[in-house]
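# Coordinates in review
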Amino acid sequence: MQFRDLKAQYLALKPEIDSAIQAVIDSSQFILGSPVAELEQKLAEYTARKHCITCASGTDALQLSLMAMDIGRGDIVFTSDFTYFASAAAASILGADVIPVDIDYDTFNISPQALDEAIHKTISNIRNVPPRIAIIPVDLFGLPADYTQILPIAKKYGAKVIEDGAQGFGGRIGQTSACSFGHISATSFFPAKPLGCYGDGGAVFVDDDSLAERIKSLRQLGKAPNDKYDNCEIGINSRLDTIQAAILLKKLKAFSEYELDDINRIAGLYDQKLIGSVKTPYIPEGFYSSRAQYTIKLENQAIRDRIMNSLSADGIPSMIYYPRGIHRQKAYEYKKLPDEWYPNTIRACSTVLSLPIHPYMSEESVDRIAAIIRNNV
Ligand SMILES: *Cc1c(COP(=O)(O)O)cnc(C)c1O
């Protein structure tokens, strides 16, 4: 069994995807060919953002977002402690001081209360020029972070909000789409993400016209708007290949027409078959998840080990997202961030288990997995 069956998805779309790839090769517009602009327009429409600017990865999308808002050395960036390393690394690359914040144990997303406390505590200790402050909430496992509470906190401190929607594309709060929260949003098209391409890719979403222009320039080394060989600032080289854009156009159609519904149907089957045995993913009222992961919580690490082993013995992969918090990463050891600040992350790291899920999964597979779990709790 596959954890996320990318091959099944390809086979379902094969004729369309093959001809889209061939069309790019025939046109030989490999960089910034017309499918790139077409995709950007479709993605902007999907999320109801004014602009979408594609780039080479989700990490680059975060980095471009921070660069466009002049966040770097001397500034402070708060992000979730329970996330993929890129959420923090993108800010560290630019020299900003990253402060991870504990999560809400139920949703796995940044705790608004812990965020408020962390910002308050941090700025109370600053004597000199106040730095720029940014918050990178993460839409973990497909569930949007609690922007209804985060945005007022950001406003109170004059902080910029950059949504890390790498796992969140397709999620919603009410009718508002993921990748439209905060000042700027970033997503990833890494193959296993909710909307994945066939290599690396990413995108930035923004409403502000001048930020959009600046990001377009920054993804081409800081190119001047009307002169290819004049550069107005130092950017990075980060574009989405035309072939990836052509693939994504086909995949976006399948994603919005049925894949997102189908993966939520699979999650619903898991919920039914597991409820009462383990803690199934918690989706708050009014929230919709794109189900980047289906992550259960076990009583303790011993039970988790037992379940993982039993699944594995039956050829079923399962993953621990994530085994340690950002504050425990070796790269941040020098910050000496105490475990006491992160009780919920630490608890999650020893209880979470992500199960196979994708839109093409059969009910029989869900049955098999659920039976093994029920027999081992
Ligand atoms: C995958 C991921 C990223 C980075 O995306 P890449 O395309 O791999 O660079 C950033 N943040 C989160 C939460 C992710 O899951």
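Our structure is the block above this text.
No experiment lies behind these values; they were computed from the predicted model shown.

### A word on the packing of aromatic side chains
Taken as a whole and judged by the stated rule, the model has 16 aromatic pairs. Ring centres of Tyr 10 and Tyr 198 lie 6.2 Å apart, and the angle between their planes is 80°; this geometry places the pair in the edge-to-face category. Placement of Tyr 10 in helix H1 (residues 6-27) and of Tyr 198 in the loop between strand E8 (184-188) and strand E9 (202-206) is noted, with a sequence separation of 188 residues between them. A ring pair is formed by Phe 82 and Phe 108, whose centres lie 5.8 Å apart and whose planes are at 35°; its orientation type is tilted.

### Thoughts on the side chain of His 51
Tracing the sequence through the fold places His 51 in strand E1 (residues 51-55). We classify His 51 as buried; its relative accessible area is 19%. There is a polar contact of 2.7 Å between the side chain of His 51 and the side chain of Asp 209. If sequence neighbours within four positions are ignored, His 51 has contacts with Ala 44, Val 204, Phe 205, Val 206, Asp 207, Asp 208, Asp 209 and Ala 212.

### Observations concerning the sheet that holds strand E5 (residues 160-164)
What the 7 strands build is an open sheet, ordered E1-E9-E8-E5-E4-E2-E3; its pairing is mixed. The open sheet is flanked by E1 and strand E3 (97-101), the only strands paired with a single partner. Within this sheet the neighbouring strands show an average axis-to-axis angle of 20°, counted without direction. Packing of helix H5 (residues 112-124) onto the sheet brings it into contact with strand E2 (76-80), E3 and strand E4 (133-136), and relative to E2 it is tilted by some 155°.

### Concerning the environment of Pro 100
Secondary-structure assignment places Pro 100 in strand E3. Sequence separation between Pro 100 and Leu 151 is 51 residues; the distance between their C-alpha atoms is 18 Å. Contacts of Pro 100, omitting those with residues within four sequence positions, involve Thr 79, Ser 80, Asp 81, Ile 326, His 327, Leu 337 and Tyr 342.

### Things to note about the sheet that holds strand E6 (residues 172-173)
The strand order across the open sheet built from 3 strands is E7-E6-E12, with neighbouring strands paired in antiparallel fashion. Edge positions in the sheet fall to strand E7 (176-177) and strand E12 (287-288), since each of these pairs with one other strand and no more.

### Some thoughts on the site of the ligand
Of all residues adjacent to the ligand, which total 14 residues, the nearest are Gly 58, Thr 59, Asp 164, Ser 188 and Lys 193. Gln 167 is positioned such that a nitrogen or oxygen atom in its side chain is 2.8 Å from an oxygen atom of the ligand. Taking Ser 188, its side chain carries an N or O atom lying 2.7 Å from an oxygen atom of the ligand. With the chains in place, 93% of the 380 Å² that the ligand exposes on its own is no longer accessible. Taken together, the elements giving at least two residues each to the shell around the ligand come down to helix H3 (58-68) and helix H4 (86-93).

About the cut-offs
Residues numbered from 1 in each chain as written. Predicted model: local features only at pLDDT ≥ 70, side-chain atom pairs only at ≥ 80, totals over all residues. Heavy atoms only, no water. Phe/Tyr/Trp six-rings, centres within 6.5 Å; stacked < 30°, edge-to-face > 60°. Helix = DSSP H or I, 4+ residues; strand = E, 2+ residues; numbered from the N terminus. Buried < 20%, exposed > 50% of the residue type's maximum accessible area, 1.4 Å probe, protein only. Polar contact = N/O pair within 3.5 Å; in protein donor to acceptor, adjacent residues only side chain to side chain. Contact = heavy atoms within 4.5 Å. Pairing = 2+ DSSP bridges. Axes fitted to C-alpha atoms, helices over the stretch in contact; angles between N-to-C directions. Near = heavy atom within 4 Å. Areas by Shrake-Rupley, 256 points an atom, 1.4 Å probe, with all protein chains shown as cover.

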